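Observations on the model geometry
Take a look at the letters that make up each chain.
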Amino acid sequence: MANTQAVVVGGGICGMVAALLLKQRFTNVVLIEQADTVGGLFCSVKDSSGAAYDMGSHIPNATGMAELDEILFADTDTSSWHKIARLCSGNYFGGSWDLNSPFPDASKLPQDIYQQGCGELINHTDLPESNLIYDYCTNSLGVVFTESIVVPILRKLYGQDAPLKSLTMAAGLFGFTRILALPADVTATLKQLPAFDAKLGYQREADFQQRKVQDNLSEVTYYYPTTGEGIGYWVTQLQKRVERAGIEIITSERVANIAHHDKKVTSLVLANSERVLDCDFLFWSAPPFIALAAMGLTPARGLVTLRTALIFHLNFDRPLLDNKSHYLWVWDPSSAIFRLTLYPNLTGQSNHNHLSAEILCSPDEVDSFTQSEIIQQLVSMGVVDPQAKCVSGQTQVINNTFPVPTTEFQAVNQQNYETLSNCVDNVVVSGRFSGKCWRQAEVLIEAYESIMQATDAS
Ligand SMILES: Cc1cc2nc3c(=O)[nH]c(=O)nc-3n(C[C@H](O)[C@H](O)[C@H](O)COP(=O)(O)OP(=O)(O)OC[C@H]3O[C@@H](n4cnc5c(N)ncnc54)[C@H](O)[C@@H]3O)c2cc1C
């Protein structure tokens with residue numbers, strides 16, 4: 001076999017898995033990561049008490065693809081992992097919790113608004129075609145429910161000044177195009193119709209289970225480490241596997257230059273060491289515009305806003321009051337928090353009483369939120385005991401996270417992705433930065449399929 005080399009840029013979960021898949025197809029694989037450690041958004045942090053926290057709710061699940069799952073979850077039959085057959089989620093809306101559904105319950109709105117909204121909702125019987133969230137929702141849920149439920153959520157996630165009417169469905173991140181409304185039995189019947197299935201959530205567990213049987217949906221298993229290291233343990237295990245496979249990992253490094261000839265990338269030059277790497281195949285999971293610039297091409301530019309995630313990691317001296325939910329959505333506009341991750345419920349252990357509360361904001365809003373204000377909100381929402389004291393914690397600010405999914409963002413992203421994918425044949429552009437998908441399982445399935453397609457074709 002000829003000596004061949006694949007280069008992977010971006011050492012997040014996507015890049016690490018890609019490196020392992022490529023090692024079965026190329027003699028050498030080199031992984032380049034700009035940070036000083038691999039793992040990307042799947043790294044965890046520990047506070048002064050040793051409680052571990054993740055960068056938001058990061059609960060990986062099996063993909064259903066044997067080769068991929070073998071890489072991802074090879075050691076999950078050990079006691080180091082908590083297997084979760086059913087992920088428990090709920091949401092806070094209208095001043096109270098619904099611990100059985102992630103979707104906001106419209107019946108908590110003032111009765112006149114609710115009745116008006118139901119009248120509108122029932123009259124929209126077609127599945128909307130619009131790619132814009134606002135148009136889609138007004139043509140599905142109706143104007144009343146869009147304005148009273150969806151718009152406040154969009155403002156919480158994307159900012160008070162976000163151009164609401166030009167936000168696209170592309171990112172599809174949070175599933176807020178579904179609500180609970182109408183009596184439970186009416187919902188169960190209406191959900192047989194695609195237009196109603198898309199906008200209503202089931203209200204009874206039995207209806208949901210019956211639907212799963214009807215659609216022959218397989219159960220999805222979720223995994224969370226019990227080792228006390230948070231989801232970062234998963235990354236550590238994957239990193240060991242990458243190293244054992246003989247893949248070279250280069251951290252604190254970037255690509256300065258990409259040489260290409262006859263529609264093929266031929267070599268890369270690293271920025272700090274100036275090392276030259278021969279390259280028969282390039283897997284790119286960093287932002288595409290960086291590759292285009294390194295190739296001497298002009299990337300598309302436009303107003304692209306990425307939200308800052310401000311995460312309050314908190315550990316208390318008393319158990320959390322919710323001992324069931326793995327994570328929770330906070331849709332109520334009264335709190336800036338949009339999601340909570342409850343670690344004792346994820347690990348199945350109670351060494352610490354810790355949670356993460358996530359807020360999305362702009363970088364200049366970070367200082368306007370205080371830990372004491374967030375704790376007060378958690379107490380008033382009934383998640384934290386009023387008598388509990390915060391014994392340790394950490395506040396994390398992560399810039400450039402969720403994109404504000406405007407039409408401009410989508411166009412710029414799409415153009416850079418296409419320019420990069422089309423100008424050379426031996427490149428796969430993947431990962432969350434490709435703009436094609438966002439969630440962990442979708443990102444990994446897409447990466448797997450792209451590698452299979454590209455390497456089978458070559
Ligand atoms: C706050 C938050 C919460 C989330 N919650 C969930 C969730 O609940 N469920 C879920 O499924 N998904 C969630 N996600 C999405 C999830 O994090 C992604 O699916 C996953 O991280 C994608 O992996 P990746 O490798 O593509 O990206 P990343 O993890 O971002 O990794 C990309 C890597 O590339 C590196 N890099 C960037 N530029 C360069 C360069 N020029 N050269 C070299 N390296 C570079 C970065 O340093 C990073 O290590 C969440 C994301 C965020 C931000």
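Fair warning: this is a prediction, and the values are worked out from it, not measured in the lab. (Residues numbered from 1 in each chain as written. Predicted model: local features only at pLDDT ≥ 70, side-chain atom pairs only at ≥ 80, totals over all residues. Heavy atoms only, no water.)

Quick look at the overall build of the chain
Threshold: Note on conventions: DSSP H or I runs of at least 4 residues are helices, E runs of at least 2 residues are strands, and numbering of each starts at the N terminus. The globule rule used here is 2.2 Å times the number of residues to the 0.38 power, and the radius of gyration it is set against is calculated over C-alpha atoms. When accessible area is computed with a 1.4 Å probe and restricted to protein chains, residues below 20% of their type maximum are described as buried, those above 50% as exposed, and intermediate ones as partly exposed. Areas reported here follow the Shrake-Rupley algorithm with a probe of radius 1.4 Å; residue values treat only the protein chains shown as occluding. Neither His nor the chain termini are counted; the positive set is Lys and Arg, and the negative set is Asp and Glu. All charge positions are set by atom: Lys at NZ, Arg at CZ, Asp at CG, Glu at CD.
The helix and strand inventory of the chain stands at 14 helices and 19 strands. For a compact globule of 458 residues, the expected C-alpha radius of gyration is about 23 Å, and the chain comes in at 23 Å, within 12% of that figure. Scored against the burial criterion, the 458 residues of the chain give a buried share of 53%. Summed over its atoms, the accessible surface of the chain is roughly 20000 Å², and 49% of this surface lies on carbon and sulfur atoms. Taking the average place of the 31 positive charges on the side chains of the chain and the average place of its 48 negative ones, the gap between the two points comes to 2 Å.

A few points about the packing of helix α1 (residues 13-23) against helix α9 (residues 232-244)
Heads up, the condition is: Fitted lines through C-alpha atoms give the axes, limited to the stretch in contact for helices. The angle between two N-to-C directions lies from 0 to 180 degrees. What sets the label is the angle itself: under 35 degrees gives roughly parallel, over 145 gives roughly antiparallel, 65 to 115 gives roughly perpendicular, and the rest give oblique. Rotating anticlockwise by less than a right angle from the far helix to the near helix defines a left-handed crossing, while the corresponding clockwise rotation defines a right-handed one. The contact rule is simple, with two residues in contact once any of their heavy atoms fall within 4.5 Å. Following the grouping adopted for this structure description, the nonpolar residues are Ala, Val, Leu, Ile, Met, Phe, Trp, Tyr, Cys and Pro, the charged ones are Asp, Glu, Lys and Arg, and the polar ones are all others, Gly among them.
Look at α1 against α9: their axes get within 10 Å of each other, and the N-to-C directions meet at 30°. When the interaxial angle is binned, α1 and α9 end up roughly parallel. Between α1 and α9 the crossing geometry is left-handed. Residue-level inspection shows I13, M16 and L20 of α1 in contact with α9, the latter providing W234, V235, L238, Q239, R241 and V242. Residues belonging to the contact of α1 with α9 are distributed by class as follows: 7 nonpolar, 1 polar and 1 charged.

Section: the packing of helix α3 (residues 111-123) against helix α5 (residues 143-158)
Working note: a packed helix pair is described by the angle between its axes plus the distance between those axes. In contact at an axis separation of 7 Å, α3 and α5 are set at 125° when each is read in the N-to-C sense. What the angle tells us is that α3 and α5 run oblique. Taking contact as the criterion, the partners of I113, Y114, Q116, G117, C118, E120 and L121 in α3 are, on α5, V143, V144, F145 and S148. Of the residues assigned to the contact of α3 with α5, the class counts are 7 nonpolar, 3 polar and 1 charged.

A closer look at the sheet that holds strand β12 (residues 276-278)
Keep this limit in mind: The pairing criterion is simple: DSSP has to find at least two bridges between the two strands.
Spatially, 3 strands are ordered β10-β11-β12 in an open sheet, and the strand pairing comes out antiparallel. For this open sheet the edge positions go to β10 (255-261) and β12, each flanked by a neighbour on one side alone. In this sheet, neighbouring strand axes are inclined to one another by 25° on average, regardless of whether the strands run parallel or antiparallel. Bridge analysis of β10 against strand β11 (residues 264-270) gives 6 bridges, and the strand direction is antiparallel. Each residue of the ladder has a partner; that of H260, found in β11, is V265.

Observations regarding the site of the ligand
Going by this rule: Whether a residue is near a molecule or strand depends on its heavy atoms: if one lies within 4 Å, it is near. The term polar contact refers here to a pair of N or O atoms within 3.5 Å; inside protein, the definition further demands a hydrogen-donor-capable atom paired with an acceptor-capable atom, and it admits residues adjacent in sequence only when both atoms are side-chain atoms.
The ligand sits among 29 residues. The nearest are E33, S57, R432, W438 and Q440. Within the contact set of the ligand, a nitrogen atom lies 3.2 Å away from a backbone nitrogen or oxygen of Q34. A distance of 3.0 Å separates a nitrogen atom of the ligand from a polar side-chain atom of R339. When isolated, the ligand has an accessible area of 1000 Å², and the protein chains bury 95% of it. Of all the secondary structure elements, the ones that give two or more residues to the shell around the ligand are α1 and α14 (440-457).

Section: the domain arrangement of the chain
Note the cut-off: For each domain, the first and last residues come from an automatic or database assignment. Reported buried area values correspond to the accessible surface (1.4 Å probe) lost by two parts on association, with both partners' losses combined.
Partitioning the chain into domains gives domain 1 (5-43 + 55-82 + 226-301 + 405-457), domain 2 (90-214) and domain 3 (306-398). For domain 1 and domain 3, the distance between their C-alpha centroids amounts to 31 Å. Across the boundary between the two partners, domain 1 contributes 7 residues, which contact 13 residues of domain 3. Buried area between domain 1 and domain 3, both sides added, is near 870 Å², and the carbon and sulfur share of it is 59%.

Side note on the side chain of H58
Note that H58 resides in the loop between β4 (52-54) and α2 (66-72). Looking at H58, the relative accessible area reads 16%, which means it is buried. A polar atom in the side chain of H58 sits 3.2 Å from the backbone oxygen of M55.

Focus: unusual backbone geometry
The residue D262 is not glycine, and still its phi comes out positive at about 50°. Note that D262 resides in the loop between β10 and β11. The exposure class assigned to D262 is exposed, which follows from its relative accessible area of 66%. The phi torsion at E274 lies on the positive side, around 60°, for a residue other than glycine. Tracing the chain through its elements places E274 in the loop between β11 and β12.

Let's talk about helix α13 (residues 407-423)
Every α-helical turn comprises 3.6 residues, leaving residues that sit three or four positions apart pointing alike. Defined as follows: For a helix, the expected span equals 1.5 Å multiplied by the number of residues minus one. Of all possible arcs, the one meant is that of the directions from the helix axis to the C-beta atoms.
Given a rise of 1.5 Å per residue, 17 residues ought to cover 24 Å, and the 24 Å separating the end C-alpha atoms of α13 matches this to within 8%. Along α13, the residues classified as buried are F409, V412, N413, N416, Y417 and L420. Buried positions in α13, seen along its axis, are confined to an arc of 125° and lie on one side of it. Among the structural elements, β13 (281-284), α10 (288-294) and β19 (427-429) are those in contact with the buried residues of α13.

A closer look at the sheet that holds strand β6 (residues 89-93)
Spatial strand order, β7-β6-β15-β16-β17-β14-β18: 7 strands in an open sheet with mixed pairing. Only two strands of the sheet have a single partner each, and these edge strands are β7 (96-98) and β18 (390-398). Between one strand and the next, the sheet's axes are offset by a mean angle of 20°, whatever the strand orientation. Looking at chain direction, strand β14 (residues 308-316) and strand β17 (residues 353-361) are connected through 9 bridges and run antiparallel. Across the sheet, residue T308 finds its bridge partner in β17, namely C361. The sheet contacts of helix α12 (residues 371-380) involve β6, β14, β16 (339-342), β17 and β18, and relative to β14 the element is tilted by about 70°.

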